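# A look at the structure
Residues per chain, in single letters:
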Amino acid sequence: MKVIDTHVHLFPEDVEKELLNHYVEISGQSLLETPSTLAGLREEYKEYEVLKYGILGTWESTKKFESKNIRLMAESDIYYDRHYFYSYNGWLAKLQREHDDILCFGNVHHDDPEMAGELDKLFGEYRLAGLKMQPCMMLYTRLNDRRLFPAYERAQAMNAPLVLHTGGDPQPGREIYGHPRDVDDIAASFPKLRIIMAHMGAPFFGEAQEVVKKHENVFTDLSFTIDYNEAIKLAKRHKMTQVANISRKDFNALAAALISGFGFERVVYGSDFPYASPRDAVKGLLELDIPDEAKEMILWKNAKEILGI
Ligand SMILES: [Zn+2]
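Residues numbered from 1 in each chain as written. Predicted model: local features only at pLDDT ≥ 70, side-chain atom pairs only at ≥ 80, totals over all residues.

### Details of helix H5 (residues 115-123)
- The complete set of buried residues in H5 reads Met115, Glu118, Leu119, Lys121 and Leu122. Looking down the long axis of H5, one finds its buried residues gathered within 160° of arc, a one-sided arrangement. (Buried ≥ 20, exposed ≤ 12 C-beta atoms within 10 Å, placed from the backbone. Helix = DSSP H or I, 4+ residues; strand = E, 2+ residues; numbered from the N terminus. Arc of directions from axis to C-beta.)

### A few points about the environment of Asn144
- As for its position among the elements, Asn144 is in the loop between helix H6 (135-138) and helix H7 (149-157).
- Through-space distance from the C-alpha of Asn144 to that of Ala187 is 9.6 Å; in sequence the pair is 43 residues apart.
- Beyond its immediate stretch of four places on either side in the chain, Asn144 contacts Asp182, Asp185 and Ile186. (Contact = placed C-beta atoms within 7 Å.)

### Looking at the sheet that holds strand E2 (residues 49-56)
- With parallel pairing, the eight strands of this open sheet are ordered in space as E1-E2-E3-E4-E5-E6-E7-E8. The strands lining the two open edges of the sheet, one partner per strand, are strand E1 (2-8) and strand E8 (267-268).
- Here E2 pairs with strand E3 (residues 102-106) via four bridges, running parallel. Bridge pairing in E3 places Gly54 opposite Leu103. (Pairing = 2+ DSSP bridges.)

### So, helix H10 (residues 228-237)
- Every buried residue of H10 is accounted for by Tyr228, Glu230, Ala231, Leu234 and Ala235. End-on view of H10: buried residues confined to an arc of 165°, all on one side of the axis.
- Where H10 is buried, its residues meet helix H11 (248-262) and helix H12 (278-286).
- Lys239, located one to two residues past H10, shows a positive phi value of around 55°.

### Brief notes about unusual backbone geometry
- Residue Pro203 follows Ala202 across a cis peptide bond; omega there is 5°.
- The topology assignment puts Pro203 in the loop between strand E6 (195-197) and helix H9 (205-214).
- Note that the residue after Phe273, namely Pro274, is joined by a cis bond; omega there is 5°.
- Its identity is not glycine, yet Asn159 carries a phi of approximately 60°, on the positive side.
- Among the structural elements, Asn159 can be located in the loop between H7 and strand E5 (162-164).
- The exposed category is assigned to Asn159, around which 11 C-beta atoms lie within 10 Å.
- Of note, Met200 is a non-glycine position whose phi angle comes to about 55°, a positive value.
- Within the secondary structure layout, Met200 lies in the loop between E6 and H9.

### So, the packing of helix H8 (residues 181-189) against H9
- Packing of H8 against H9 leaves a shortest axis separation of 8 Å and a crossing angle of 15°. The orientation of H8 relative to H9 falls into the category roughly parallel. Read as a crossing pair, H8 and H9 show a hand that is right-handed. Facing H8, whose interface residues are Arg181, Val183, Asp184 and Ala187, H9 presents Glu207, Val211 and Lys214. (Axes fitted to C-alpha atoms, helices over the stretch in contact; angles between N-to-C directions. Parallel < 35°, antiparallel > 145°, perpendicular 65-115°, else oblique. Left-handed = near helix turned anticlockwise from the far one by under 90°.)

### As for the pairing of E1
- Counting buried positions over the seven residues of E1 gives six, a clear majority of the element.
- Examined bridge by bridge, E1 and E2 share five bridges and lie parallel to one another. Bridge assignment links Ile4 to a residue of E2, and that residue is Lys52.

### Structural notes on the nonpolar core
- Judged by nonpolar contacts, the single largest core of 83 residues is most densely connected at Leu164, Val183, Ile195, Met197 and Tyr269.
- Per-element tally for this core: the top contributor is helix H13 (residues 292-306), with seven residues.
- Those residues in contact with Tyr269 that lie beyond four places of it in its chain are Val3, Ile4, Asp5, Thr6, Leu222, Leu285, Ile298, Leu299 and Ala303. (Core = buried A, V, L, I, M, F, W, Y, C linked by C-beta atoms within 7 Å.)

### Quick notes on the confidence of the model for the chain
- A residue-level look at the chain finds 89% of positions with pLDDT of 70 or above and a mean pLDDT of 87.
- This model gives residues 70-75 a pLDDT under 50, and the stretch forms 14 contacts once residues within four places in sequence are excluded.
- A low-confidence stretch, residues 81-86 stays under pLDDT 50, and its non-local contacts, those more than four residues away or across chains, total four contacts. (pLDDT = per-residue confidence, 0-100.)

Quick look at the structure:
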């Protein structure tokens with residue numbers, strides 16, 4: 001069976017363990033038994049034919065800069081201390097160059113005085129596939145902050161897709177930074193920009209659906225939200241009452257209804273490895289009561305088109 005996983009995180013091996021341990025500490029989530037490496041990722045998918053992995057950057061600047069908007073965050077801080085001289089985007093570029101089945105999505109921040117230069121590099125020298133914004137971790141004021149528009153403008157001009165984290169953050173209480181409603185403004189301002197709102201906007205499912213229905217250029221992904229065990233754990237911690245205490249059967253019924261509500265052609269599969277299990281995520285999707293044809297669209301066909309593979 002073919003798969004395109006549009007939502008994966010990978011980090012340099014020398015910081016990966018410490019970084020993820022810190023993530024466990026701040027988020028209260030546990031990690032998978034599978035190693036959080038490319039080899040571990042491939043192992044999770046050994047039963048499937050993976051056409052592409054979309055690796056999403058979470059943090060980037062070419063140099064250290066101070067900003068009161070930037071929260072001390074595990075991924076940025078640890079990475080910075082160790083790798084002051086080269087950027088996460090640069091590492092992603094190398095990863096993409098070395099593996100035919102990997103597409104990488106880079107990252108910029110509106111407080112970076114050199115954002116424009118980094119965008120040149122991202123789409124020029126690095127030839128990255130697109131952009132990823134994580135408003136909750138990076139404390140963007142909002143996703144539709146006008147200072148981010150030059151980045152969106154560039155992505156649209158390069159015909160490169162934009163992945164936006166929407167909804168709940170690993171740390172509770174940050175959802176507002178990634179509210180799907182803000183994507184309405186971005187989608188209207190950049191009608192040719194293909195936008196994937198991650199996590200179905202959880203817990204703002206209704207708002208996310210409205211935005212997808214309103215704009216032909218907006219899609220959503222299933223990352224983290226289709227792995228029952230991880231989704232329930234997160235829902236409990238975040239007190240997302242719609243899903244926190246439901247059985248697997250009810251969870252599946254809810255997931256099927258949500259996906260149908262978005263429209264099968266507007267949903268792409270993503271796992272959120274290493275925070276959720278790809279193996280469980282694919283199984284979760286396959287056991288939903290939706291047509292087989294829809295499962296195939298979600299697993300790879302839609303993503304093939306949106307990512308321009
Ligand atoms: Zn993610």
